Amino acid sequence: FTLIGTDIPRVDVAPKTDGSAQYTIDIYQEGMLTALIMRSPRFGGQVASFDASDTKGVPGVVDVVAVPNGVAVVATGYWAARTGQQALRVEWDDSSAETRSSAELFDYYRELAAQPGVVARDDGDATSAIDNAATIIEAEFEFPYLAHAPLEPLDYVIRRYGDVVDVWAGAQSPTGDQVAISSILGIPRENVRINVQLAGGSFGRRATLDADVATEAAFVLKALDTTQPIKLMWTREDDIRSGKYRPMVLHRVRAGLDADGKFIGWHDRIVEQSIAGALLPPGVPDTSITEGALLPYAVPNALIDVHTPTLAVPVLWWRSVEHTHNAAVVEVMIDELAEAAGVDPVEFRRNLLADHPR
């Protein structure tokens, strides 16, 4: 109670303003190597073979090693690693890769949207209410995959001292990183010491279910078997092309008003990959998909059902998660209904929220 009502500056204002704040990308240690990974241009693709002869001729390149999700180029600095990465020739096995375009995936989503999904909300008889409504509004909403694109690209510094490993990273899930690294390197979990850095933007990208960046760094360290510190870097191109994304989503919505302009029916069918599905037991629906979609507005008949296709494109939480698209769909449709009813959109909402004034 000594601070309430007083003006206290944030403790990080000065270092973030004068440049002294340290992010993972700022870390430089004696003898440090920089690693970049060439990943498949198709999600789910695997390395069939690679030719590193040109890469190894780049000044500063120290080694080229295979890792589970590609080929790592290791050098004495970023630019040598980047030049070596561009010179690398890789043949890819796309037999298990996602080869469909975004347009083709949306066609597939529309096929799914033509069929009933797993029910998330079912009040009254939405289908009958809408079919018999005086005014029916129908709309289809498409939301593309979106990259997080944090200002500081993904990066990770890792160093081994015998059975002890130190890492420096702007991790959102440091415990998950610790578990993954200890498993890959075969050392006790408590021997992985996480030094959490400031993160130059995360938005969910540094909070992964599979500890992907930590895993990559650990595999590079394991392949090199060195005590030199290694900084794994993602280029901006790597981040946009090979990262994890806000899911692509399709909403097919029908809503109805009666002859008096009263909101009487709502049906929202959602097609979206599950982010949390890997954490859930078989048969348990991913309820996070309907965040912001279950409708706070009073309507006697509401049906919301969901399809969760499995695709090779990796998806992840993106700031505000499902609300980024679900709230847009709901609010755009409410605006349409208000206009059709001839009611001011704010007043229309206030009427629908009469039982929940807060």
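All residue numbers refer to positions counted from 1 along the written sequence of the respective chain. Since the coordinates come from a predicted model, pLDDT governs what is reported: local features require at least 70, and pairs of side-chain atoms require 80 or more to be given and counted, while whole-chain, interface and lining totals use all residues. For side-chain calculations, the full set of non-hydrogen atoms in the structure is used, while hydrogens and water are omitted.

> How would you sum up the sheet that holds strand 16 (residues 302-307)? Please name residues and give values.
Pairing between strands is defined by DSSP: at least two bridges between them are needed. Labels follow the DSSP assignment, with helices taken as runs of H or I lasting at least four residues and strands as runs of E lasting at least two, numbered in each case from the N terminus. An order of 6-16-15-14-7 is seen for the 5 strands of this open sheet, with the pairing classed as mixed. Two strands bound the open sheet, and with one partner strand each, they are strand 6 (118-123) and strand 7 (135-143). With direction set aside, neighbouring strand axes in the sheet form an average angle of 5°. Two elements, strand 7 and strand 14 (residues 249-257), share 9 bridges in a ladder whose sense is antiparallel. Bridging from a neighbouring strand, T135 pairs with L257 of strand 14. In this analysis, two residues are considered to be in contact whenever any of their non-hydrogen atoms come within 4.5 Å of each other. Throughout, an axis means a line fitted to C-alpha atoms (over the contacting stretch in the case of helices), and angles, computed between N-to-C directions, take values from 0 to 180 degrees. Strand contacts of helix 9 (residues 323-341): strand 7, strand 14 and strand 15 (263-272), with the helix running at about 155° to strand 7, the strand carrying the most contacts.

> How would you sum up empty space enclosed by the protein? Please name residues and give values.
Any residue with an atom within 4 Å of a point lines the site, the site being either a cavity, points on a 1 Å grid over the protein atoms alone where a 1.4 Å probe fits but cannot get out, or a pocket, an open set with protein on both sides within 12 Å along at least 5 of 7 lines. Grid points are joined across faces, edges and corners, and a volume is the space filled by probe spheres set on the points. If you walk through the whole model with that rule in mind, you get 2 cavities of 30 Å³ or more. Size it by volume and the largest cavity reaches roughly 150 Å³. Residue lining of the largest cavity: 16 residues in total, with Y156, A171, D177, R206 and V213 positioned closest to the centre. The leading source of residues in the lining of the largest cavity is helix 7 (residues 212-224), at 3 residues. Partitioning the lining of the largest cavity into residue classes produces 8 nonpolar, 3 polar and 5 charged. In this model, the second largest cavity occupies a volume close to 30 Å³. In this structure, the second largest cavity is lined by I37, M38, R39, Q85, D238, R241 and S242. Counting only elements with at least two residues in the lining of the second largest cavity, the list comes to strand 1 (33-39) and helix 8 (236-242). Its residues assigned to classes, the lining of the second largest cavity shows 2 nonpolar, 2 polar and 3 charged. Residues were grouped as follows: Ala, Val, Leu, Ile, Met, Phe, Trp, Tyr, Cys and Pro as nonpolar; Asp, Glu, Lys and Arg as charged; and all remaining residues, including Gly, as polar.

> Could you give me a rundown of the side chain of R269, with the residues and numbers involved?
Looking at the secondary structure, you find R269 in strand 15. Under the relative-accessibility criterion, R269 is labelled buried at 12%. Side-chain atoms alone can form a polar contact between residues adjacent in sequence; in general such a contact is a pair of N or O atoms within 3.5 Å, and within protein one must be able to donate a hydrogen while the other accepts it. One polar contact links the side chain of R269 to the main-chain carbonyl oxygen of A113, over a distance of 3.0 Å. Beyond its immediate sequence surroundings of up to four residues, R269 is in contact with L112, A113, A114, Q115, P116, G117, L250, H251, R252, D305 and H307. Per-residue accessibility, obtained with a 1.4 Å probe over protein chains only, is compared with the maximum for each type, and a residue is labelled buried under 20%, exposed over 50%, and partly exposed between these values.

> I'd like to hear about helix 6 (residues 174-185), residue by residue, with values.
Helix span, expected: 1.5 Å multiplied by one less than the number of residues in the helix. Look at helix 6: 16 Å from first C-alpha to last across 12 residues, which is about the 16 Å you get at 1.5 Å a residue. Of all the positions in helix 6, only D177, Q178, A180, I181, S182, I184 and L185 are classed as buried. Among the structural elements, strand 9 (155-161), strand 10 (164-169), strand 11 (192-196) and helix 7 are those in contact with the buried residues of helix 6. One or two steps after helix 6, the chain reaches G186, where phi turns positive at roughly 65°.

> Quick one: what's the story with the layout of surface pockets, residue by residue and with numbers?
If you add up the space inside the largest pocket, you get close to 470 Å³. R39, N69, E216, S242 and P314 are the residues nearest the centre of the largest pocket, which is lined by 23 residues in total. Counting residues per element, the ones that place at least two in the lining of the largest pocket are strand 2 (46-51) and helix 7. Here the element with the most residues in the lining of the largest pocket is helix 7; it accounts for 4 residues.

> An account of the environment of I334 is requested, with residue identities and associated values reported.
With respect to the helices, strands and loops of the structure, I334 is situated in helix 9. Sequence separation between I334 and P345 is 11 residues; the distance between their C-alpha atoms is 7.6 Å. If near-sequence neighbours (up to four positions away) are discounted, I334 is found in contact with F263, Y297, F348, R349 and L352.

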